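# Fold and geometry: a report
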Amino acid sequence: MNGESYEVGGLRSFETFMHDALHHPVRGYYARNIATVGRGGDFTTTAEIAPCLARAIAAWLVRMARSSGCRDVIELGPGSGRLAAAVRKALPWWWRWRMRWHLVEKSRPLREQQQSRLGRGVSWHQQVTQALAACQGKALIYSNEFFDAFPVRVFRKHLQGWEELYLDEQGARMTETWRSIDSLPPSSIWQRDWQDGQRVEVHDAVRIWLEEMSQHWHHGAMLTIDYGAEVAQLYHRQPRGTLRGYVHQQCLRGEALYQNSGQQDLTADVNFTDLQLWSAGGQHAIFSQREFLLPWVDAAQAGDCHAIDEMGAGQAFQVWQWQRRG
């Protein structure tokens with residue numbers, strides 16, 4: 001969120017609702033003392049079940065460190081800390097002691113999990129700009145399922161124009177209301193021809209985050225792994241968009257998203273075309289999770305095989321690489 005108010009005529013934009021539901025300092029999903037990640041939580045990430053992910057990221061870090069000279073590593077949204085611990089372990093020992101580790105985490109419960117698992121030798125930061133300041137703007141940055149936790153703005157194609165989703169809160173019940181808008185946020189979404197009624201999401205908060213981050217990051221490489229697609233494939237057979245919630249591994253859609261705010265994860269697929277559009281300068285590449293992980297898979301590991309499944313996670317997750325040289 002960029003601080004701008006999205007309250008209109010007593011209505012609340014969906015973006016504001018989603019931001020509060022996830023990130024409110026007291027009532028937000030990530031602020032509460034709950035086990036969010038893993039088989040016993042509300043959702044499971046590749047980092048929790050596929051050892052090959054840590055090996056692939058460690059190899060990427062070594063390759064990028066050699067080419068860029070960077071020795072500072074930043075993980076964004078490190079969850080339980082399991083991935084950071086596994087990546088560090090997967091590094092050759094001479095790289096392990098040469099690299100300086102930074103974690104960017106706002107959630108107090110998750111930060112406590114990370115500190116318990118990782119111990120000394122790691123620095124924690126509330127904001128990526130603080131981590132970059134500690135690195136003098138030169139760093140290797142990676143994340144797994146980070147941008148999907150950002151709030152989205154939701155739009156619907158209507159006749160010849162677009163409407164934005166707002167919520168009318170009446171007691172414990174929320175009603176969807178669509179409002180015509182004068183201007184649209186920058187996105188590759190608008191360059192395509194959609195059928196009337198198509199719902200789309202724009203991670204405008206990610207755009208703002210990238211613009212601010214890039215002012216402080218001058219040299220290095222960034223690796224982002226998340227579920228989503230490039231814009232041409234993003235809404236294939238999904239006229240109601242990709243927005244969904246998770247509670248105890250169960251997927252929720254529709255009006256269920258407005259119930260029990262702060263007690264369920266909310267998410268939407270990432271538009272990887274937008275990530276490139278919003279990232280000025282440098283070199284970019286997009287490839288599937290399967291392509292990224294395949295050289296590091298142990299066929300005896302069920303989690304590794306799941307992570308590269310062509311009909312599942314291997315294609316549902318994409319990898320975006322951004323390199324900058326200052």
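Look up: the structure comes first, before these words.
Please read these numbers as outputs of a predicted model, since none were measured by experiment.

### Remarks on the side chain of arginine 324
- Within the element layout of this structure, arginine 324 appears in strand β17 (residues 317-324).
- It is glutamate 211 that comes nearest to the buried, bridge-free arginine 324 among opposite-charge side chains, at 12 Å.
- At 2.8 Å, the side chain of arginine 324 and the backbone oxygen of tryptophan 217 are in polar contact.
- When residues no more than four places from it in sequence are discounted, the contact partners of arginine 324 are Ser214, Trp217, His218, His219, Gly220 and Ala280.

### Here's the deal with the nonpolar core
- Counting 39 residues, the largest nonpolar core has Ile57, Leu61, Val87, Trp101, Tyr142 and Phe292 as its most contacted members.
- Taken together, the elements giving at least two residues each to this core come down to α3 (52-68), α4 (82-90), β4 (100-104), β5 (122-125), β6 (138-144), β11 (219-229), α11 (289-293) and β17.
- In contact with valine 87, other than residues within four places in its own chain, are Ala54, Ile57, Ala58, Leu61, Trp101 and Tyr142.
- Counting residues in each nonpolar core, the second largest holds 35 residues, with Phe147, Trp209, Trp217 and Leu275 among its members.

### Focus: the pairing of strand β10 (residues 199-202)
- Residues Arg199 and Glu201 of β10 are buried on one face, and the alternating residues Val200 and Val202, pointing to the opposite face, are buried as well.
- Relative to β10, strand β7 (residues 153-158) runs antiparallel, the two being bridged by 4 bridges. Its bridge partner lying in β10, valine 154 is registered against glutamate 201.

### Quick word on the pattern of salt bridges
- On inspection of all chains with the given rule, the structure shows 12 salt bridges.
- For arginine 55, the salt bridge goes to aspartate 304, with nearest N and O atoms at 3.0 Å. Of this pair, arginine 55 sits in helix α3 while aspartate 304 sits in helix α12 (residues 302-307); the two residues are 249 residues apart in sequence, bridging distant segments of the chain.
- You can call aspartate 304 buried: its relative accessible area is 0%.
- Between arginine 199 and glutamate 176 there is a salt bridge, with its nearest N and O atoms 2.7 Å apart.

### A short note on the packing of aromatic side chains
- Counting across every chain of the model gives 18 aromatic pairs.
- Taken together, a centroid distance of 5.6 Å and an interplanar angle of 65° make the contact between phenylalanine 17 and tyrosine 258 edge-to-face. With phenylalanine 17 in helix α1 (residues 14-23) and tyrosine 258 in the loop between β13 (250-252) and β14 (265-267), this residue pair connects regions lying 241 residues apart in the sequence.
- Using a relative accessible area of 9% as the deciding quantity, one classes tyrosine 258 as buried.
- Taken together, a centroid distance of 5.0 Å and an interplanar angle of 70° make the contact between tryptophan 162 and tryptophan 190 edge-to-face. Of the two residues, tryptophan 162 sits in strand β8 (residues 161-170) while tryptophan 190 sits in the loop between β9 (173-180) and β10, which places them 28 residues apart along the sequence.

### Here's the deal with the environment of glycine 228
- Mapped onto the fold, glycine 228 is located in strand β11.
- In sequence terms glycine 228 and aspartate 193 are 35 residues apart; their C-alpha atoms lie 19 Å from each other.
- Aside from chain neighbours lying at most four places away, what touches glycine 228 is Leu234, Asp269, Val270, Phe272, Ala316 and Gln318.

### Things to note about the sheet that holds strand β12 (residues 244-247)
- In spatial order, the strands read β13-β12-β14; together these 3 strands make up an open sheet with antiparallel pairing. Lying at the two open borders of the sheet, with one neighbouring strand each, are β13 and β14. Here the strands of the sheet are splayed against their neighbours by 30° on average, with no regard to which way each runs.

### As for a nonpolar patch on the surface
- Taken together, Trp93, Trp94 and Trp97 make up a surface patch of nonpolar side chains, about 450 Å² in accessible area.
- Among the structural elements, tryptophan 97 can be located in the loop between α5 (93-96) and β4.
- Judged by relative accessible area, which is 61%, tryptophan 97 ranks as exposed.

### Some thoughts on the pairing of β12
- Examined bridge by bridge, β12 and β14 share 3 bridges and lie antiparallel to one another. Paired with arginine 244 across the strands is threonine 267, a residue of β14.
- Sheet analysis places β12 next to β13, joined by 3 bridges and oriented antiparallel. Among the inter-strand pairings, tyrosine 246 is bridged to a residue of β13, identified as cysteine 251.
- Joining the antiparallel neighbours β12 and β13 is a turn of 2 residues, in which histidine 248 adopts a positive phi near 50°.

Thresholds applied
- All residue numbers here refer to positions counted from 1 along the written sequence of the relevant chain.
- This being a predicted model, a pLDDT of at least 70 is required before a residue's local features are given, and a value of 80 or more before pairs of side-chain atoms are given or counted; all residues contribute to the totals for chains, interfaces and linings.
- Note that the side-chain values use all heavy atoms of the structure and ignore hydrogens as well as water.
- Every helix listed is a DSSP run of H or I at least four residues long, and every strand listed is a run of E at least two residues long, numbered separately from the N terminus.
- Summary of the burial criterion: residues with accessible area below 20% of their type's maximum are buried, those above 50% are exposed, and those between are partly exposed, where the area comes from a 1.4 Å probe applied to protein chains only.
- By the counting rule applied here, Lys and Arg register as positive and Asp and Glu as negative, while His and the ends of each chain are not counted.
- Here a salt bridge means any side-chain nitrogen of Lys or Arg lying within 4 Å of a carboxyl oxygen belonging to Asp or Glu.
- Polar contacts, as used here, are pairs of N or O atoms within 3.5 Å; protein pairs need one atom able to donate a hydrogen and one able to accept it. Residues neighboring in sequence count only if both atoms are side-chain atoms.
- Residue contacts are defined here by distance: any two heavy atoms, one from each residue, within 4.5 Å place the two residues in contact.
- To define a nonpolar core, start from buried Ala, Val, Leu, Ile, Met, Phe, Trp, Tyr and Cys residues and group those joined through side-chain atoms within 4.5 Å.
- Pairing between strands is defined by DSSP: at least two bridges between the two strands are required.
- Pairing of aromatic side chains here covers Phe, Tyr and the six-membered ring of Trp, requires ring centres within 6.5 Å, and sorts the geometry by plane angle: under 30 degrees stacked, over 60 edge-to-face, intermediate tilted.
- Helix axes are fitted to C-alpha atoms over the stretch in contact, other axes to C-alpha atoms as well, and angles between N-to-C directions run from 0 to 180 degrees.
- Each patch is built from residues that are more than 30% exposed by relative accessible area and take part in no salt bridge. Like charges join if they lie within 9 Å; nonpolar side chains (Val, Leu, Ile, Met, Phe, Trp, Tyr) join within 5 Å.
- Using a 1.4 Å probe, accessible areas were evaluated by the Shrake-Rupley method; residue-level cover was limited to the displayed protein chains.

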